[in-house]
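Chains, contacts and geometry: an overview
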Amino acid sequence: MEKFETLISSFVPLPNEDVDTDQIIPARFLKSTTREGFGENLFRDWRYDSNDDLKLDFVLNNPSYSGNILVAGKNFGCGSSREHAAWALYDYGFRAIISSYFADIFKGNALNNGLLPIQVSDGFLATIFEEVEKENRLELKVELEEQRVSILGTEYSEEFDISAYKKTCLLNGFDDIDFLISKKKSIEQFEQTHIEF
């Protein structure tokens, strides 16, 4: 996976609450077992009409908004446990998702696939949405080491929580297997001193 340290980016505001995984990537597109290619069908039924024409009123189709960060309403990623939702968001180009609440399974799937879910307070989330109404090219700064997200050009920032293990994995670009391999020497040393053959 790509290393995640600091991300400065404009963002896409999606204030909808209770966005479930079937809205993120509809079930009819879950035919592949590899992670690539899901981005083109991200929010498919919100982005396209029945004739496969773009719905111009949907935020991902609005050229005023772009970036590697999605800012979403409360309870993002609820519904079924499909890992494809994280794959679709990552494949589309998002590297961080900000919300005031994430479904636990989605949060785990995101972290396992290099996508940083940042849970902020309801008040800070509302502030982000308020500020982007004033300036649609507003940028956010995500600092993983400091566990802080800031609205650039303002005094607003907030810390966020993340498990120490997942933080280490993201900072180093590790998946679970990469992390174990990185500990190979320590494991071998432990075996030599603690295990009798």
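The structure this text deals with has already been given above.
Residues numbered from 1 in each chain as written. Predicted model: local features only at pLDDT ≥ 70, side-chain atom pairs only at ≥ 80, totals over all residues. Heavy atoms only, no water.

Tracing the chain through its elements places serine 163 in the loop between strand E7 (157–159) and helix H6 (164–172). Given a relative accessible area of 37%, serine 163 falls into the partly exposed group. Counting along the chain gives 161 residues from serine 163 to glutamate 2, while the straight-line C-alpha distance between them is 18 Å. (Helix = DSSP H or I, 4+ residues; strand = E, 2+ residues; numbered from the N terminus. Buried < 20%, exposed > 50% of the residue type's maximum accessible area, 1.4 Å probe, protein only.)

Before going further, it helps to spend a moment on the environment of phenylalanine 160. In this structure, phenylalanine 160 sits in the loop between E7 and H6. For phenylalanine 160, a relative accessible area of 2% corresponds to the buried category. Sequence spacing of phenylalanine 160 and glutamate 143 is 17 residues, and the spatial spacing of their C-alpha atoms is 9.9 Å. With near-sequence residues (within four places) excluded, phenylalanine 160 lies in contact with Leu116, Ile118, Gln119, Val142, Glu143, Leu144, Gln147, Arg148 and Val149. (Contact = heavy atoms within 4.5 Å.)

A separate point is the sheet that holds strand E3 (residues 96–99). The strand order across the open sheet built from seven strands is E4-E3-E2-E1-E5-E6-E7, with neighbouring strands paired in mixed fashion. Each edge of the open sheet carries a strand with a single partner, namely strand E4 (116–119) and E7. In this sheet, adjacent strand axes meet at a mean angle of 25° when their direction is disregarded. Here five bridges tie strand E1 (residues 6–14) to strand E5 (residues 139–143), and the two strands are oriented antiparallel to one another. The residue bridging leucine 7 from the neighbouring strand is valine 142, located in E5. (Pairing = 2+ DSSP bridges. Axes fitted to C-alpha atoms, helices over the stretch in contact; angles between N-to-C directions.)

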